[in-house]
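So the chains spell out like this:
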Amino acid sequence: MISNRQSNAQIIKAFISNFISSLSGKMFSFGLGLMLLDETHSAISFGLNMLITPIVGLLCLVPIGNLVDTYPHKAVLTGSLLARASQHCFYLPLALIFLSEITN
C-alpha cells in the first residue's frame, strides 16, 4: 500500500514532469515558428503557425482523452513511447540530410 507522503511525492513528480514537457513542447513550437519566419520573411506564416498549433492540440484533445479512458494506461503509454521513438528514428536521418545540404 502506498502512503499519503509517497502519493504526494508522485503527484509532485508528475506535475513537474508535465510542466517541463509542456514548456519544452511550446518552446519547440515557437522555435519552429521563428525558423519559418527567418526562412520565409513573412510574418503571416509565423502568425499562422502560432494559430494552427493550439488548434491542432484542441482537436486532438477529445479523441486522445477517449483513447486513454478506453484502453489500459500501460498499453497507451507504451504505444505512445514507441510511436515517439520511431518518429525520432525517422526524422533524424532527414534532419541530417537537410543539415548537410544547408552547409554545402
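Before reading further, recall that the structure is shown in the block above.
Residues numbered from 1 in each chain as written. Predicted model: local features only at pLDDT ≥ 70, side-chain atom pairs only at ≥ 80, totals over all residues. Heavy atoms only, no water.

## Considering the overall build of the protein chain
Then comes step 1: Secondary structure assignment for the protein chain yields 3 helices and 0 strands.
Then comes step 2: Secondary structure elements of the protein chain occur, N-terminal to C-terminal, as α-α-α.
Then comes step 3: In summary, the protein chain has a C-alpha radius of gyration of 19 Å against a globular reference of 13 Å for 104 residues, an excess of more than 25%.
Then comes step 4: Principal axes of the C-alpha set define a box for the protein chain whose edges measure 60 × 30 × 25 Å.
Then comes step 5: Counting every position in the protein chain, which comprises 104 residues, the buried fraction comes to 6%.
Then comes step 6: Carbon and sulfur atoms provide 72% of the accessible area of the protein chain, an area that totals close to 9,200 Å².
Then comes step 7: Taken together, the 5 basic and 4 acidic charged side chains of the protein chain have centroids lying 27 Å from each other. (Helix = DSSP H or I, 4+ residues; strand = E, 2+ residues; numbered from the N terminus. Rg over C-alpha atoms; globule rule 2.2 N^0.38 Å. Buried < 20%, exposed > 50% of the residue type's maximum accessible area, 1.4 Å probe, protein only. Areas by Shrake-Rupley, 256 points an atom, 1.4 Å probe, with all protein chains shown as cover. Lys, Arg positive; Asp, Glu negative; His and termini not counted. Charge placed at Lys NZ, Arg CZ, Asp CG, Glu CD.)

## So, unusual backbone geometry
Then comes step 1: Although it is not a glycine, His 41 sits at a positive phi angle of roughly 55 degrees.
Then comes step 2: Secondary-structure assignment places His 41 in the loop between helix H1 (4-40) and helix H2 (43-70).
Then comes step 3: For His 41, a relative accessible area of 67% puts it in the exposed group.

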